[in-house]
Amino acid sequence: MIRATPVRRLLASVGLAFTVSVTASAQPSLNPDMAPPAGAPDPLPAVLRVIDLPYLSGEERIERRVFHGLWTEADLASTETLARAALITGAYAHPVFDREGVPALLRAQSLVRGGELINAIELLEGIDSNEARVLLAESLERLGEFDRAREALQPVLADLARADRVSDAQGIVAGVRALRLQAKLDGRPATEFNRMIGLLSKVHQQIDRLYWPALLLEAELLLERGNRESGIEVLQQVLAINPMVAEAWRLLGDTQVDGLNVDGAASVARRLDLNVERIAPDRAMPSLDAELIRARRWMRENDPGRAASFLARARAWYPRSRDVAALHAGVEAMSYDTARTERAIEAFAQLSPGSPLALLRVGESLSERRQYAESAEYLRRAIAMQPNDPRGHAELGLLLVQAARDAEAYEALSRAQQLDPFNVRVANSIKLLEDLRTWETIESDNFLVRFRPGMDAVLAREMIEPIESVHADLVDIYDHQPEFKAVLELAPDNQWFAVRIVGMPGIHTVAAATGPLIAMEVPRVGKRNMGEYDWLRVFRHEYAHTITLSKTRNRIPHWFTEAAAVYSEEAPHDFSRAQLLTQALLNGTLFDMREINLAFTRTDSRPQAYAQGHWMYEFIASEWGESAPLQLMEAYASGEREDAAMTEVLGISQQEFFERFQEWAYRDAASWGMVSEPSLRQLRIAESMQDIELEEAVSESLAEFASKAALKVTGGAASPDFQPRLIRITPDLVEYWLLDHPDHPDLLELYLQEQITINGGVIDERLIELLERYAAARPVDPMPHQNLARLYLDSDEPWRAIPHLEFLDARENYSAAYASRLARLHTARGNREKAFEYATRATRVAPFDATNREIAAAASIQAGELREAERHILALTEIEPDREQHRLRLDAVRRLIEERAGRTSAN
């Protein structure tokens with residue numbers, strides 16, 4: 001059994017499993033003399049065994065303890081061991097590196113990692129080892145001196161070519177680093193990656209399975225190619241062998257930032273801080289790696305101010321760090337101020353004139369913010385500086401995929417794949433773009449609808465008129481006309497859809513918009529599909545994104561564009577969302593203005609984020625008018641941050657906005673019947689304390705009321721822990737309370753439940769009046785409408801179910817059942833227009849359902865909508881191509897259309 005050591009708990013906190021296997025038998029114990037510093041994890045038994053081998057000398061044991069992060073305080077008495085420990089933990093500015101007796105290579109490594117490349121190069125040029133030569137070449141490459149870097153690599157590559165010269169773990173790792181850099185400088189064939197992985201596998205499978213630098217390099221290679229899962233697994237192995245390796249923690253922290261696991265990223269950064277504190281307890285030295293993780297985390301949260309503060313702290317200790325300077329340029333790009341961004345790029349160029357790193361960071365930063373044109377410009381500049389580095393080509397290609405500029409994307413991605421054939425996202429996106437070349441396109445005034453040939457053409461043809469109508473409506477609402485035709489792609493299945501949006505499978509939703517591109521999974525039942533849904537309502541949501549992103553130049557806060565999109569659906573409040581929001585309101589768990597943007601990235605918090613964002617948008621429209629959201633969008637378009645925009649448009653800060661929103665939300669929830677006054681708790685307290693007026697319970701806060709109740713009971717000071725006795729709710733008590741509060745939704749719900757119980761669990765006509773009372777008191781709850789609809793459908797007057805089915809259908813997004821039933825009921829009542837309306841809606845939710853199509857065709861003919869009937873029957877000929885009856889009906893309806901046209905022309 002593996003114990004839950006601190007490193008395992010931390011790995012678990014960032015969503016990772018501990019995968020290194022350990023044989024249960026022969027697990028050595030930790031000698032107290034070599035215990036790690038307080039808070040360090042327990043070492044693996046395999047590590048303890050190699051440290052405790054009986055034939056090792058004292059110096060050899062110290063060397064191994066340091067290599068595995070298990071040094072004692074006594075071990076660090078030596079200058080060299082202290083320097084090695086400092087290098088492992090990331091304390092690159094530790095004063096030990098200035099002492100006499102520190103090996104030149106260790107000093108050079110600390111200088112390189114701290115950004116002092118010029119000084120490092122001077123040292124490295126005098127060291128005769130392949131490890132030094134590779135570090136020299138890497139330093140020169142970071143300066144942008146590519147020719148000198150190539151020259152420095154040659155002896156290492158020559159040795160690697162002769163297998164007899166490189167057989168030790170350290171030499172192989174140096175050789176693989178040389179191959180990796182050569183590929184970056186010159187571009188290499190696919191076999192080079194296989195060769196690198198093969199050499200590293202040789203180290204930990206044949207030479208030394210505990211040589212963690214080989215595993216660390218393997219993790220870097222995997223992560224560079226988008227293989228996140230395998231990369232993280234290898235990082236786990238590194239940290240199991242040496243839990244102090246700063247470079248491994250840094251890479252792990254980056255994966256958490258990339259996945260928007262901000263808690264995981266914060267845990268990793270704190271771990272890095274602790275490691276540095278252990279090696280330099282009397283200093284205020286920050287962990288450079290931790291500060292970079294924190295800066296990236298706040299960039300992801302769209303807070304450039306906080307990101308910059310962590311970079312400033314890192315810069316104070318590492319003023320020439322290229323990582324800090326390049327990331328600073330990315331932060332400056334978030335200001336949307338070109339002059340500021342260019343100054344930051346120039347500052348980086350003063351450090352490394354020929355390196356494209358700052359341009360890459362700016363391109364990545366702008367890409368994340370959907371500044372497609374600007375990002376592409378910076379990425380192309382980066383590519384021009386180092387055309388054989390696949391990173392720029394890959395980032396540019398993936399950006400252009402999002403921007404629906406497919407031809408340019410394919411060119412960039414193809415070049416990236418030539419340089420690095422193993423990047424998973426690149427490979428997925430190229431495959432997708434090649435598939436798209438076989439697709440068909442229907443063009444309208446404002447859209448390009450693309451679809452795979454075959455059955456999907458049925459839906460694509462029918463989309464044009466409805467989506468153009470949505471376009472006209474939303475352009476009017478948001479007072480903005482995009483300057484481009486939006487591309488709407490019908491993804492044949494969920495995997496294809498996910499690759500289109502993020503380059504990887506695994507997105508569990510049916511639609512997304514990147515701005516100019518909207519991808520929607522075809523609403524279809526199947527193993528690879530998410531199922532049927534109201535595609536027009538979903539399109540309305542996604543196209544609202546397109547318009548609001550365009551109106552704000554893609555600078556709208558995440559929560560606000562989602563809120564506008566939900567608002568644009570014009571759908572009534574859903575009961576599950578009303579419950580979710582009310583619970584969050586009463587429990588004090590509504591997201592604040594920082595938390596809500598992040599909440600959209602988490603599966604468990606996303607439903608509340610959507611619902612609460614929509615609620616806040618309604619609050620703005622209610623309190624400041626329908627034009628206020630548009631004014632906010634205009635402020636965002638000009639580059640203003642959210643707090644400044646709110647202050648300018650609404651006259652209040654974000655904090656004041658959130659406080660006022662909660663007050664308004666309480667009243668709004670009450671209008672839904674979700675918050676009752678008096679509450680059941682207040683009623684129970686008042687009944688328990690009959691000498692206290694109920695008005696006091698309602699008018700005062702619960703805490704004040706409970707305190708007053710306590711004083712009356714005890715006759716003295718109330719205990720802060722006092723909890724009033726709550727009387728048990730009985731059916732008689734509910735009936736008694738209803739006399740004074742006949743429209744109380746909670747009481748009506750309890751009374752209704754009791755009457756159903758008395759009725760043997762049967763809901764019949766005796767409960768109709770009570771169901772209607774409860775429906776009026778809590779107008780968001782579908783329960784009474786479900787029961788009333790069921791009662792009426794089973795009665796001699798099924799048409800009386802119509803208003804209740806309409807209530808349910810308006811809130812139903814994933815089933816055509818209500819719409820189909822309404823179409824039949826309206827047909828029976830002779831309401832031809834309504835029958836046509838609901839039959840059409842049923843085919844919108846389930847466009848490939850033949851039964852719904854037949855109902856819609858019949859309803860269309862009865863309503864005189866022959867062109868609509870033709871549309872549905874034409875669809876049937878493709879849905880059920882073997883049924884000759886459909887072709888005969890199609891011919892018949894087309895003859896009717898021709899006859900009508902002839903009569904019209906004759907008149």
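See above for the structure.
The rules behind these values
- Residues numbered from 1 in each chain as written.
- Predicted model: local features only at pLDDT ≥ 70, side-chain atom pairs only at ≥ 80, totals over all residues.
- Heavy atoms only, no water.
- Helix = DSSP H or I, 4+ residues; strand = E, 2+ residues; numbered from the N terminus.
- Buried < 20%, exposed > 50% of the residue type's maximum accessible area, 1.4 Å probe, protein only.
- Contact = heavy atoms within 4.5 Å.
- Areas by Shrake-Rupley, 256 points an atom, 1.4 Å probe, with all protein chains shown as cover.
- Pairing = 2+ DSSP bridges.
- Axes fitted to C-alpha atoms, helices over the stretch in contact; angles between N-to-C directions.
- Expected span 1.5 Å × (residues − 1).
- Polar contact = N/O pair within 3.5 Å; in protein donor to acceptor, adjacent residues only side chain to side chain.
- Phe/Tyr/Trp six-rings, centres within 6.5 Å; stacked < 30°, edge-to-face > 60°.
- 1 Å grid on protein atoms, 1.4 Å probe; cavity = no way out; pocket = protein on both sides within 12 Å on 5 of 7 lines; lining within 4 Å.
- Points joined across faces, edges and corners; volume = space filled by probe spheres on them.
- Nonpolar A, V, L, I, M, F, W, Y, C, P; charged D, E, K, R; others polar.
- Parallel < 35°, antiparallel > 145°, perpendicular 65-115°, else oblique.
- Left-handed = near helix turned anticlockwise from the far one by under 90°.

*Asks:* Before we go on, may I ask you to explain the overall build of the protein chain in this structure?
*Replies:* Per the secondary structure count, the protein chain includes 46 helices and 5 strands. Here the protein chain holds 907 residues, and the buried ones make up 54% of them. In the protein chain, of all internal contacts separated by at least 6 residues, the share reaching a separation of at least 24 is 59%. Surface accessibility of the protein chain: about 39800 Å² in total, with carbon and sulfur atoms responsible for 49%.

*Asks:* Would you mind showing me how to read the sheet that holds strand β4 (residues 511–513) here?
*Replies:* Sheet architecture is open: 5 strands sit in the order β1-β2-β3-β5-β4, paired in mixed fashion. Edge positions in the sheet fall to β1 (440–443) and β4, since each of these pairs with one other strand and no more. Strand-to-strand twist across the sheet, computed as the mean angle between neighbouring axes with direction ignored, equals 15°. Across 4 bridges, the pairing between β1 and strand β2 (residues 447–451) is antiparallel. Each residue of the ladder has a partner; that of Glu443, found in β2, is Leu448.

*Asks:* Help me out: how do you make sense of helix α30 (residues 606–624) in this one?
*Replies:* Working note: α-helix, 3.6 residues per turn, so residues spaced by three or four point in the same direction. An ideal rise of 1.5 Å per residue puts 27 Å on 19 residues; α30 measures up with 27 Å between its terminal C-alpha atoms. Looking one or two residues beyond α30, the residue adopting positive phi is Gly625, at roughly 100°.

*Asks:* Where do I start with the side chain of Ser429 in this structure?
*Replies:* If you trace the backbone, Ser429 turns up in helix α23 (residues 424–436). A distance of 2.9 Å separates the side chain of Ser429 from the backbone oxygen of Arg425, its partner in a polar contact.

*Asks:* Would you take a moment to explain the packing of aromatic side chains for this structure?
*Replies:* For any two aromatic rings, the description comes down to two numbers: the centre-to-centre distance and the angle of the planes. Going through the model one piece at a time under the given rule, you end up with 21 aromatic pairs. Summarising the aromatic geometry, the rings of Phe560 and Tyr617 are spaced 5.4 Å apart at their centres and angled 35° between planes, so their arrangement reads as tilted. Separated by 57 residues along the polypeptide, Phe560 in helix α27 (residues 558–568) and Tyr617 in helix α30 bring together distant segments of the chain. Like Phe560, the residue Tyr617 is buried in the burial classification. Taking 5.6 Å as the distance between ring centres and 90° as the angle between the ring planes, the aromatic pair formed by Trp615 and Phe661 counts as edge-to-face. Remark: Phe661 occurs in helix α33 (residues 654–671) and Trp615 occurs in helix α30; sequence separation between them is 46 residues. By relative accessible area, Trp615 is classed as buried at 0%. Taken together, the ring pairs connect Trp615, Phe619, Trp624, Phe657, Phe661, Trp664 and Trp672 into an aromatic cluster.

*Asks:* Teacher, can you tell me more about the pairing of strand β5 (residues 517–521) here?
*Replies:* Consecutive residues of a regular strand have side chains that alternate between opposite faces of the sheet. Most of β5 is tucked away: 5 of the 5 residues are buried. Residue alternation in β5 divides its side chains into two sets, Leu517, Ala519 and Glu521 and Ile518 and Met520, and both sets are buried. Summarising the sheet, strand β3 (residues 486–491) and β5 pair through 5 bridges and their orientation is parallel. Each residue of the ladder has a partner; that of Ala491, found in β5, is Glu521.

*Asks:* Where do I start with empty space enclosed by the protein in this structure?
*Replies:* Summed over all chains, the structure comprises 2 cavities of 30 Å³ or more. Put simply, the second largest cavity is a space of about 40 Å³. The wall of the second largest cavity is formed by Pro356, Leu360, Ala382, Ile383, Gln386, Asp389 and Gly392. Classifying every residue of the lining of the second largest cavity by side-chain character gives 4 nonpolar, 2 polar and 1 charged.

*Asks:* Could you clarify how one ought to interpret the packing of helix α5 (residues 104–114) against helix α7 (residues 130–143) in this entry?
*Replies:* The geometry of a pair of packed helices is captured by two quantities: the angle between their axes and the separation between those axes. Following both chains from N to C, one finds α5 and α7 inclined at 20°, their axes separated by 11 Å at the closest point. The orientation of α5 with respect to α7, classified from their angle, is roughly parallel. Of the two elements, α5 crosses α7, and the hand of that crossing is left-handed. Along its contact with α5, which presents Leu105, Ala108, Gln109 and Val112, the element α7 presents Glu131, Ala132, Leu135 and Ser139.

Just distances and angles here, no functional claims.
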